[in-house]
Amino acid sequence: MLDPKLVSDLVARYMRDTGLPVPAPKEALYRWAEPLRLPREGPRYLYTGGLYQLMPYIQAMVKYLEKMEEGRAGRLALGLAGRLAGLGGLAKAVARPDKGLVAYSESVLRGIAGHLRRAGVEYAYLYEDDLYSGVILHDLGLDEDFTRHANMVYRRLRERGVESVITVDPHTTHMLRSVYPKYVDGYSLEVKTYIELLDEAGYQAKSGGEAVIHDPCLYARFEGVVEQPRRLLSRSGVEAKEPRRSRRMTYCCGGPIEGLAPSLSKRIARIRMDELRRVSSRIVVMCPICYANLSSVAPEGVEVVDLALVLGEPGA
Amino acid sequence: MPSPLDRVRSALMDEGLQEALLRAATNNQVKVESLLRERPELAEAARRARRAKDEAIGRLEELIDEAMRSLRAINAEPHYAETPEEAREAVARIVGSGKLVVMSKSMAAEEAGIREYLEELGNEVWETDLGQLLVQLEGGRPMHTIAPAVHMTRERALRLVNEKLGANLPEDAGIEEIAGAARRFLREKIVKADVGISGANALAADTGAIVLVENEGNIRLVTTASPIHIAVVPVDKIVPTLQDALTVAIAQAGYAGLYPPTYINVIAGPSSTADIEQVRVWGAQGPKELHVVLLDNGRLRARETPLRDQLRCIRCGRCQFECPVWVHTANNWGGPVYGGPMGLNWTAITWSMEEASKLAFLCLGCGRCDEACPVEIPLSRLIRWLKTQAHRPGRS
Ligand code: SF4
């Protein structure tokens, strides 16, 4: 188990210096969209909040910290005196995120962009203004830093003339729709997930087969995104199956505490994995954290796939 | 003493515990889910319980006074304790020393360390709830709010009753035989006891009536068999009326998955008889004296913080069984008395904000507890607030 105080300090520091929770290059957030040449102005803006793109870097950081935690030497390096010395190593480790995971995240985002276009949703992309939402600061209870960051993000969006955003993951959606209003004075943004928009548009992708749905906690319990993905799947020819615990009583993938208590996090993921694979060997997720945590415990022959990819290959 | 995080770590490595918890939690989840589906009146009871609790929290000082007056009016003796020490002392003054004392599971009594204190004073003290007795025999802590021995396997329970109660059961003795051995041992103690100590599910301010829900039947015995009954009642259990108290009891039983409850006890004063010349005298078949020790221990103060919402809790324990983290840790993820989602908040209220805020970082924020709670306590939001308290200057 890692010291929450240490992780909090580390994250807060990176956030203050770079606006990102881990030492990742800024372009990492919008690189995925470069080949797409999406319009820069429109009635709605795709705001990814960077969670998909940062997942590979966060994973690399967690792995590094885990290693440090294991050895006594690591503990010393992360001790008060050695903290700064440890950071150089961390930056280097994080600079080499898993390539497969990077490619996966980018293909999900391109998939989403393509579905939106095919569904006839008119939108623009923020590119350099697609900033990280600060969700980790909120999760760690770092309210002062979070308030500052949320206000900065909101200001940037408004300066860009944004009034309506399309989100792509449950954590960012929850931040912008339900949490930001409590931290940002005069907050007003229309926030919709791409899933809701595709559903409203009656979107029908060409797909097939069957899959079991893993509802992300925040979509199901806090954001009312429950039936939309089911309708999208069934319209697209995918038979959606339910695990024992689904919809509002869905079960967490364990991901949120991966950075602090990796072994506990894995145990939770395994319980959920067992429950899901009993229903189908194809598991639909809608969140990069669920993807990372569940796929890390997926046995041979079990496939964890993002909804955007289940709905059809990216071909924007 | 191992730190709470050390306890969590060893819980994770204890495969027997992991298995026991997973089984108990799964069974409870399935049971409660089907109960709630079949009996919509339970959700209605929960809604009414919530309203009653909200009202009570809003005028708690006033209701404490009213409850004390009502208790006196029914010939019971109220005692008010601001701290666990005061509660211990109040109980000790009534019990004295050299007595035989039987207790029915009470988390408020755990908070105040009453059993240990009475033992120190030279009393013989026994828990009569089977789970809590097992916890007493192993020298441990309650691992769930209504199932304190949820971590225990048949083998371990068998060893405890054989070693500590001299039960002499064979190695292959079943759960029924273990329960039988405990019953034989306890029955004798209960009949001879000088004092019975209980908790309460609710205390009605309008009448002074205490309501207690149970299935084992030990509470009826403990609260009637001895000449003195002491109920230790945390002030958050006070509700405006007896109707409210019964509603809370029904909702608690339903969301605990024990519905209908085998017994609901209403106790409004010591026993009495007016059979001779219509003159009422106290002490018939039940106790001659009823004492109610009201315990604050941080609750009134908690009303000024976001933890105020936790005071609605009716201790059904559902949030624990539904929590993905608790299922791997039991109350090892918690303070000395309470653990899991409700338990982190109760630990912050009754024990230590510092400890609770450290433990809060293991919360996933997944919100399953919020969804499970019959009285809509925003548990995950409160636990996130505990995290913010860890970052306050002066906290390391
Ligand atoms: S917090 Fe809610 S679910 Fe948990 S024990 Fe209390 S009443 Fe039950």
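Remember, it's a predicted structure, so these values are computed and weren't measured experimentally.

J.: An account of the environment of Q243 of chain B is requested, with residue identities and associated values reported.
T.: Considering the arrangement of structural elements, one finds Q243 of chain B in helix α12 (residues 242-256). Remark: the alpha-carbon pair of Q243 of chain B and A49 of chain B, spanning 194 residues in sequence, is separated by 9.9 Å.

J.: Which residues make up the pairing of strand β6 (residues 210-214) of chain B, and what values go with them?
T.: A regular strand places its side chains so that they alternate between the two faces of the sheet. Residues and elements named next belong to chain B. The buried fraction of β6 amounts to five of the five residues, a majority that puts the element mostly inside the structure. Here strand β5 (residues 202-204) hands over to β6 after five residues, with G208 in that stretch at a positive phi of 80 degrees. As defined by bridge partners, β6 adjoins strand β9 (residues 263-267) across five bridges and the pair is classed as antiparallel. Bridge pairing in β9 links I210 to I267.

J.: Residues and numbers for the packing of helix α16 (residues 340-350) of chain B against helix α19 (residues 379-390) of chain B, please.
T.: All names here are of chain B. The N-to-C vectors of α16 and α19 enclose an angle of 45 degrees; their axes lie 9 Å apart at closest approach. By the criterion of interaxial angle, the relationship of α16 to α19 is oblique. The handedness of the crossing between α16 and α19 is left-handed. The segment α16 lies against α19, with P341, M342, L344, N345 and A348 engaging L379, L382, I383 and L386. Grouping the amino acids of the contact of α16 with α19 by side-chain chemistry returns eight nonpolar, one polar and no charged.

J.: Lay out the nonpolar core with the relevant residues and their values.
T.: Core analysis: the biggest nonpolar cluster contains 112 residues, and W32, L116, L176, Y180, L189 and Y194 of chain A have the highest contact counts within it. With 12 residues, helix α2 (residues 51-70) of chain A is the single largest residue contributor to this core. Each of domain 1 (4-197) and domain 2 (205-310) of chain A contributes no fewer than three residues to this core. For Y194 of chain A, the contacting residues outside a window of four places in its chain are I112, L116, I166, T167, V168, D306, L307 and A308 of chain A. Core analysis: the second largest hydrophobic core is formed by 67 residues, Y251 of chain A together with A204, A245 and V325 of chain B among them.

J.: Can you break down the sheet that holds β5 of chain B residue by residue, with the values?
T.: Residue and element names in this part refer to chain B. Reading across from one edge, β8-β5-β6-β9 is the order of the four strands in this open sheet, with mixed pairing throughout. For this open sheet the edge positions go to β8 (238-239) and β9, each flanked by a neighbour on one side alone. Where β5 lies against β8, two bridges are found, and the strand directions are parallel. In the strand pairing of β8, L203 is matched with I238. Most of the contacts of helix α11 (residues 218-225) go to β6, to which it runs at about 140 degrees, and overall it touches β6 and β9. Contacts from α12 reach β5, β6, β8 and β9, with the element oriented near 15 degrees to β6.

J.: Any chance you could break down the packing of aromatic side chains for me, citing the residues and the numbers?
T.: For the structure shown, the criterion picks out 10 aromatic pairs over all chains. Each ring, one from W32 of chain A and one from Y125 of chain A, has its centre 5.0 Å from the other, and the planes form 65 degrees; the classification is edge-to-face. Separated by 93 residues along the polypeptide, W32 of chain A in the loop between α1 (4-18) and β1 (45-46) and Y125 of chain A in strand β2 (residues 124-125) bring together distant segments of the chain. The class for W32 of chain A is buried, based on a relative accessible area of 0%. The exposure class assigned to Y125 of chain A is buried, which follows from its relative accessible area of 0%. When the centroid spacing of 6.1 Å and the interplanar angle of 35 degrees are considered together, the rings of Y338 of chain B and W346 of chain B count as tilted. Clustering of aromatic rings is evident, with ring pairs tying together F146, Y154, Y180, Y183 and Y187 of chain A. When the ring centre of Y117 of chain B is taken as origin, the NZ or CZ atom of R88 of chain B, which lies over that ring, is 5.6 Å away.

J.: So, the sheet that holds β1 of chain A: which residues are in play, and what are the values?
T.: Residue and element names in this part refer to chain A. Taken in spatial order, the four strands line up as β2-β1-β3-β4 in an open sheet, and their pairing is parallel. In the strand order of this sheet, the two ends are held by β2 and β4 (190-193), each with one partner. Where β1 and strand β3 (residues 164-167) come together, two bridges link them in parallel fashion. Paired with Y45 across the two strands is V165, which belongs to β3. With respect to the sheet, helix α8 (residues 170-183) is in contact with β3 and β4, its orientation differing from that of β4 by roughly 160 degrees.

J.: Summarise the packing of helix α8 (residues 130-138) of chain B against helix α9 (residues 154-165) of chain B; cite the residues concerned and give the values.
T.: Residue and element names in this part refer to chain B. Packing of α8 against α9 leaves a shortest axis separation of 10 Å and a crossing angle of 65 degrees. Of the possible angle classes, the one that applies to α8 and α9 is roughly perpendicular. Seen along the crossing, α8 lies across α9 with a hand that is left-handed. Only R156, A157, L160, V161, K164 and L165 of α9 make contact with α8, whose side of the interface consists of L133, L134, L137 and E138. The class makeup of the residues in the contact of α8 with α9 is seven nonpolar, no polar and three charged.

J.: Got a sec to walk through the side chain of K189 of chain B? Specific residues and values, please.
T.: All names here are of chain B. With respect to the secondary-structure elements, K189 resides in helix α10 (residues 175-192). With relative accessibility at 17%, the residue K189 sits in the buried group. Ignoring anything within four residues of it in the chain, the contact list for K189 reads L100, V102, E124 and W126.

J.: Report on the interface of chain B and chain A, specifying residues and quantitative values.
T.: With 34 residues of chain B at the contact, the number on the chain A side is 32 residues. With both chains or domains summed, chain B and chain A bury close to 2800 Å², and 61% of this area falls on carbon and sulfur atoms. Our count for the contact surface shared by chain B and chain A stands at three salt bridges. Across the pair E15 of chain B and R267 of chain A runs a salt bridge whose closest N-O atoms are separated by 2.6 Å. At the surface where chain B touches chain A, the tally comes to 14 residue pairs in polar contact (both at pLDDT 80 or more). The set of elements that each furnish at least two residues to the side of chain B that touches chain A consists of α1 (4-13), α2 (15-38), α14 (318-322), α15 (326-329), α18 (368-372) and α19 of chain B. The dominant element in the side of chain B that touches chain A, judged by the number of residues it contributes, is α2 of chain B, at six residues.

J.: Describe the domain arrangement of chain B, with residues and values.
T.: Residues and elements named next belong to chain B. For chain B, the assigned domains are domain 1 (4-38 + 300-388) and domain 2 (41-297). One C-alpha centre belongs to domain 1, the other to domain 2; they are set 22 Å apart. Contacts between the two partners involve 39 residues from domain 1 and, on the opposite side, 39 residues from domain 2. Our count for the contact surface shared by domain 1 and domain 2 stands at four salt bridges. Close ionic contact of R303 with E61 constitutes a salt bridge, the shortest N to O distance being 2.9 Å. If you look at where domain 1 meets domain 2, you find 18 residue pairs in polar contact (both at pLDDT 80 or more). Sorting the residues of the side of domain 1 that touches domain 2 by element identifies α2, α14 and α16 as the ones contributing at least two each.

Cut-off values and rules
- Residues numbered from 1 in each chain as written.
- Chains lettered and ligands numbered in written order.
- Predicted model: local features only at pLDDT ≥ 70, side-chain atom pairs only at ≥ 80, totals over all residues.
- Heavy atoms only, no water.
- Helix = DSSP H or I, 4+ residues; strand = E, 2+ residues; numbered from the N terminus.
- Buried < 20%, exposed > 50% of the residue type's maximum accessible area, 1.4 Å probe, protein only.
- Pairing = 2+ DSSP bridges.
- Axes fitted to C-alpha atoms, helices over the stretch in contact; angles between N-to-C directions.
- Parallel < 35°, antiparallel > 145°, perpendicular 65-115°, else oblique.
- Left-handed = near helix turned anticlockwise from the far one by under 90°.
- Contact = heavy atoms within 4.5 Å.
- Nonpolar A, V, L, I, M, F, W, Y, C, P; charged D, E, K, R; others polar.
- Core = buried A, V, L, I, M, F, W, Y, C linked by side-chain atoms within 4.5 Å.
- Domains from an automatic or database assignment.
- Phe/Tyr/Trp six-rings, centres within 6.5 Å; stacked < 30°, edge-to-face > 60°.
- Lys NZ or Arg CZ within 6 Å of the ring centre and 35° of its normal.
- Buried area = accessible area lost by both parts, 1.4 Å probe.
- Salt bridge = Lys/Arg side-chain N within 4 Å of Asp/Glu carboxyl O.
- Polar contact = N/O pair within 3.5 Å; in protein donor to acceptor, adjacent residues only side chain to side chain.

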